[in-house]
Amino acid sequence: MKAIRRFTVRPVLPEPLRPLSGLARNLRWSWHPETCELFESVDPDGWRAAGRDPVRLLGAVSATRLAELAGDGPFLERLAGVAAGLDDYLRGDRWYQEQSGQGAELPDAVAYFSPEFGVTAALPQYSGGLGILAGDHLKAASDLGVPLIGVGLLYRHGYFRQSLSRDGWQQEHYPVLDPNELPLSLLREEDGRPSRVALSLPGGRSLHACVWQARVGRVPLLLLDSDIEDNGPTEREVTDRLYGGGSEHRLLQEMLLGIGGVRAVRAYCRISGHPEPEVFHTNEGHAGFQGLERIRELKHTGLGFDTALEAVRGGTVFTTHTPVPAGIDRFDRELVARHFGDDGELPGVATDQVLRLGGETFPGGDPNLFNMAAMGLRLAQRANGVSTLHGAVSRQMFAGLWPGFDPQDVPITSVTNGVHAPTWVAPEIARLGRGTAGVADTPDAEIWAVRRTLRERLVYEVRDRLRASWHQRGAADAELGWIDGVLDPDILTIGFARRVPSYKRLTLMLRDRDRLTELLLHPERPIQIVVAGKAHPADDGGKRLVQELVKFADDPRVRHRIVFLPDYGMAMARNLYPGCDVWLNNPLRPLEACGTSGMKAALNGCLNLSVLDGWWEEWFEPDFGWAIPTADGSSDEDRRDALEANALYALIEDRVAPRFYDRTETGAGAGPVAGKGADNGDALPGRWIEMVRRTMTTLGPKVLADRMVREYVERLYAPAAHAHRALDPAAAGELADWKSQVRAAWPGVAVDHVEAVSATTAGGSAELGSTLALKVRVALGQLRPDDVEVQAVAGRVGADDTIADAQVFPLKPAGGPDQAGRWVYEGPLALDRTGPFGYTVRVLPTHPMLAAADLGLVALPTEATGEGAGVLMR
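The structure displayed is predicted, hence computed values, not measured ones.

## Concerning the overall build of the chain
Scanning the chain from terminus to terminus reveals 28 helices and 26 strands. Its C-alpha atoms give the chain a radius of gyration of 30 Å, within 12% of the compact-globule value 29 Å for 874 residues. Looking at the chain as a whole, 57% of its 874 residues are labelled buried. For the chain, the computed accessible surface area is about 34,700 Å², with 50% contributed by carbon and sulfur atoms. Taking the 94 positively charged and 116 negatively charged side chains of the chain as two groups, their mean positions are separated by 3 Å.

Right, dumping it as structure tokens:
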């Protein structure tokens, strides 16, 4: 018989062991080795059986063992030391407090919204890179002392667990997660009742949710859960699984995340005394409705919609993570209207105002759809992509929201992602860096020994996981003897693990199977490949790619050299990144927004072999790995894939493998050693080790989440907090009125004439260091000079006269208007570079509270305007 309900009966911790509970409930243990070592000493076998999860461990440890530990003096001394260390970590001043003490104007608190958070395998609330990034953001914020509040949903089935059928087809499993068995606690009111948030739904229904708290070091993470008795069956399933269900299901999830999330933050701050957030950071468009809830709050105090919108925008940061329109959530306008009408949520906020924020009013947009990214951008005064290249792609992709502006002027900046080193760096690697000299002066032999240890550990884990996978596929032990020979700790090991959308090209390596087989089985310089990844449950195309890879890896000729491991997640990644020598990434450029898996590998001394996309395009150097050439201009997808696959094979065959197997006594200068990479006594691959060293010492500091969060604080959070404080109701109302006036008057703004009054040019040429004195006549209509800024924009020009690497030179009004009401602006333009050079002028609205290009209004010269778009200097 099966139980109708499952729960854990926990032992009562003896009084001396009570600090164990607090240590288990704060997820700092997931990146703090000393805490993990303490829990492992409680019960080593139980620790492994619990998947390194302290909450599960304490739920299973015997009362007898607890009694022993309660009388174990050395253990209690260790426990007291670790508990004191956590208390100091939680209470002491860190970087953020130091900056504030030195006069930096920083926000009192920041609310960080994300649909998923990958903090630890013990809290499986993530699907891939977005969630892992969000988890690393919280952990780095905690380490730096940033007063962040994380906000998400608690999915009772998580994402999904992956296994394979006998023929290699992906199978999904959805185990039920009991919050009481997770490192969570309910947010409770002062009288002990669970705190609740509620949303109104059409037809008089309501969507209720309780709020679970996870402690991520110093950072509270609030997770909303709709699986409670207050809801009907449909509403209980809103938080059933991550990225599941149909369109209305997703809409309800995102309403709960955004609107319910703000209400959960308000409740948490009221109950705990935590400062109210001044900045709201939306990690992708899924949580965009949080801005609407904050507008409703302000309207409730008597503010008009436009005034409330300006106040909300000032304190909002929006981060886009997708480089493709298909990655954006879009809903039918009628569905959204039904949920935000008089019978739905946000009373007092007109439905047409909601729809306008998400409307696809830009060229190529669909007027029948509501676009969550468009709403997120319209609700945020500051926005960013997640790498330099992705910032440029985002400016191009969303340029329609700022008509009249060139993509480079679209106000979307970039903050390149980073990864949390204490989470992802193997302990052996961390110890290398802690020595007296550090990695830079660590002997080659020591670095190489550590790298081999990590590779060997991966080999044994792969065999264990592969055997378990084949058992799930129906194989018996008698047919699995070959697994004991899978992989070799002395062979060049390449890793490839990520989600499996088509653009990441899981199967590019299979393009020429004979050539790949030759690389795998090379008699002197063989390679071995470890592959992992999940396809979305609804993506049959992605599942076919998984099956194709699995079938190749099942081939008896190569199955000892290439493996596919199902159920890729944080637990697997812990040994996968450190154990690989090379990390492979071959997406369609430029469709990888950032791609942080290669960063995690790099922190462990793994070299990257990647297309120049995402972060790799930004920081690639030959010292850190290899760049796979791309055929970006090819319109033939099949030919492009063939060219790039051939380039990949050539790199591995001609450069990667020879360098790995080039062994000498001194670490450089001799030829390869025969026999699948044997150690050959003291022979070392000196040039390879030097690349490992450079990767760890030079690239490593760039890819850290600490660096990323500092950038967010300094470049986005602090300015957003300043704008939030400045945009009080009076200032926000004045700005809203001013915007309305400028929009109405803008058709009367024009550039009438442009001339270079004292150009030192001859025959269209000019000398470096000379100056143009520009004189521009503009019509302002009903506006005044204080309402606009007239600029010269200059830089190098291409064959089509497009200005690149532009510099902006503000021009100043010279006197009052002429009889026709036109104003003259003047200013110098320095010719500070050689080669083809050009300039133009433009008129933009300006206001002390206005962000650049905020209104999307610009006036440019026409062909009839004096010297037109400017003078070209060649």
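## Observations regarding the confidence of the model for the chain
Per-residue pLDDT for the chain has a mean of 91; in total, 94% of the residues score no lower than 70. Long-range and interchain partners of residues 667-679, a stretch whose pLDDT sits below 50, account for 37 contacts in this model, where long-range means more than four residues apart. The low-confidence segment residues 867-874 (pLDDT under 50) makes 29 contacts with residues lying over four places distant or belonging to another chain.

## A closer look at the packing of helix α19 (residues 444-472) against helix α26 (residues 686-699)
Packing of α19 against α26 leaves a shortest axis separation of 10 Å and a crossing angle of 80°. Overall, the two elements α19 and α26 adopt an arrangement that is roughly perpendicular. Within the contact between the two elements, α19 uses Asp444, Ile447, Trp448 and Arg451 and α26 uses Gly686, Trp688, Ile689, Val692 and Arg693. Class assignment for the residues of the contact of α19 with α26 results in five nonpolar, one polar and three charged.

## A look at the sheet that holds strand β17 (residues 562-565)
Taken in spatial order, the six strands of this open sheet run β17-β16-β15-β18-β19-β20, and their pairing is parallel. With partners counted over all chains shown, the strands left at the sheet margins are β17 and β20 (625-628), one partner each. On average, each strand axis in the sheet is tilted by 20° relative to the strand beside it, whichever way the strands run. Across four bridges, the pairing between strand β18 (residues 582-585) and strand β19 (residues 607-611) is parallel. Within β19, the residue paired with valine 582 across the bridge is leucine 607. Lying over the sheet, helix α25 (residues 637-661) contacts β15 (492-497), β16 (527-532), β18, β19 and β20, oriented at roughly 165° with respect to β20.

What counts as what
Residues numbered from 1 in each chain as written. Predicted model: local features only at pLDDT ≥ 70, side-chain atom pairs only at ≥ 80, totals over all residues. Heavy atoms only, no water. Helix = DSSP H or I, 4+ residues; strand = E, 2+ residues; numbered from the N terminus. Rg over C-alpha atoms; globule rule 2.2 N^0.38 Å. Buried < 20%, exposed > 50% of the residue type's maximum accessible area, 1.4 Å probe, protein only. Areas by Shrake-Rupley, 256 points an atom, 1.4 Å probe, with all protein chains shown as cover. Lys, Arg positive; Asp, Glu negative; His and termini not counted. Charge placed at Lys NZ, Arg CZ, Asp CG, Glu CD. pLDDT = per-residue confidence, 0-100. Contact = heavy atoms within 4.5 Å. Axes fitted to C-alpha atoms, helices over the stretch in contact; angles between N-to-C directions. Parallel < 35°, antiparallel > 145°, perpendicular 65-115°, else oblique. Nonpolar A, V, L, I, M, F, W, Y, C, P; charged D, E, K, R; others polar. Pairing = 2+ DSSP bridges.

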